[in-house]
Amino acid sequence: MSNFSINVEHLEKSISKVEVNGYLDAHTFDEFESTLIDLFDEGQYKIIVDMRNVPYISSAGAGVFIWAHGQANNNGGDIVIMNPSPNVSEVLELLGLDQVFKIVPNLAAGLKVFM
């Protein structure tokens with residue numbers, strides 16, 4: 001298991017960026033979920049999740065994205081996935097989540113989703 005960390009940065013126009021580092025799996029999904037709950041509690045529903053440093057995502061990690069997508073959309077926001085690693089992209093495609101989420105290559109493209 002790799003070291004896992006999450007960094008949150010508040011950007012412009014009520015947009016937050018969540019940088020996830022390490023495996024997003026059964027051992028770490030709850031920390032990711034707690035971070036998103038904290039953002040939702042603050043009224044932050046426009047979230048860009050930076051996945052460039054996530055080499056692996058399990059079904060538990062993907063489940064958090066599905067839950068968060070519903071929460072964000074119900075409150076006028078969205079969850080955008082930024083720069084997923086090749087392995088994560090493959091999992092998202094296999095689960096059909098590439099059809100549900102906006103997947104962008106960089107922060108500028110992520111910000112444009114909310115403009």
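Please refer to the structure placed before this passage.
Predicted model, so just to flag it, every value in this text is computed and none were measured.

This part is about the nonpolar core. One finds F32, M51, F65 and I79 to be the most contacted residues of the largest nonpolar core, which totals 25 residues. It is helix α2 (residues 59-74) that provides the largest number of residues to this core, a total of 5 residues.

Turning next to unusual backbone geometry. The phi angle at N83 is positive, at roughly 50°, despite the residue not being glycine. Here N83 is to be found in the loop between β4 (78-82) and α3 (86-94).

With respect to the helices and strands, S16 occurs in strand β2 (residues 15-21). Taking the relative accessible area as the measure of exposure, S16 reaches 0% and is therefore buried. The residues touching S16, leaving out its near neighbours within four places in the chain, are E9, H10, L11, L39, Q44, K46, I47 and I48.

Following the sequence through the fold, N75 ends up in the loop between α2 and β4. Spatially, the C-alpha atom of N75 lies 30 Å from that of N87, the residues being 12 residues apart in sequence.

This part takes up the pairing of strand β3 (residues 46-53). Bridge analysis of β2 against β3 gives 6 bridges, and the strand direction is parallel. Within β3, the residue paired with I15 across the bridge is K46. Remark: the β2/helix α1 (residues 29-41)/β3 crossover connection has right-handed handedness. Looking at chain direction, β3 and β4 are connected through 5 bridges and run parallel. Bridge pairing in β4 places I47 opposite I79. For the handedness criterion, the β-α-β arrangement of β3, α2 and β4 is classed as right-handed.

This brings us to the side chain of D78. Within the secondary structure, D78 sits in strand β4. The contact partners of D78, leaving out residues within four places of it in the chain, are Y45, K46, I47, H69, A72, N73, K102 and F114.

Turning our attention to the sheet that holds β4. Pairing is mixed across the open sheet formed by 5 strands, whose spatial order is β1-β2-β3-β4-β5. Of all the strands in the sheet, just β1 (5-10) and β5 (102-104) have a single pairing partner and so form its edges. On average, adjacent strands in this sheet sit at an angle of 25° to one another, irrespective of strand direction. For β1 and β2, the ladder comprises 6 bridges, and the chain directions are antiparallel. Each residue of the ladder has a partner; that of E9, found in β2, is K17. Packing of α1 onto the sheet brings it into contact with β1, β2, β3 and β4, and relative to β1 it is tilted by some 15°.

Thresholds applied
- Residues numbered from 1 in each chain as written.
- Predicted model: local features only at pLDDT ≥ 70, side-chain atom pairs only at ≥ 80, totals over all residues.
- Heavy atoms only, no water.
- Core = buried A, V, L, I, M, F, W, Y, C linked by side-chain atoms within 4.5 Å.
- Buried < 20%, exposed > 50% of the residue type's maximum accessible area, 1.4 Å probe, protein only.
- Helix = DSSP H or I, 4+ residues; strand = E, 2+ residues; numbered from the N terminus.
- Contact = heavy atoms within 4.5 Å.
- Pairing = 2+ DSSP bridges.
- Right-handed = clockwise from strand over helix to strand, strands pointing away.
- Axes fitted to C-alpha atoms, helices over the stretch in contact; angles between N-to-C directions.

Note that every value here comes from positions in space, so none of it alone points to a role or purpose.
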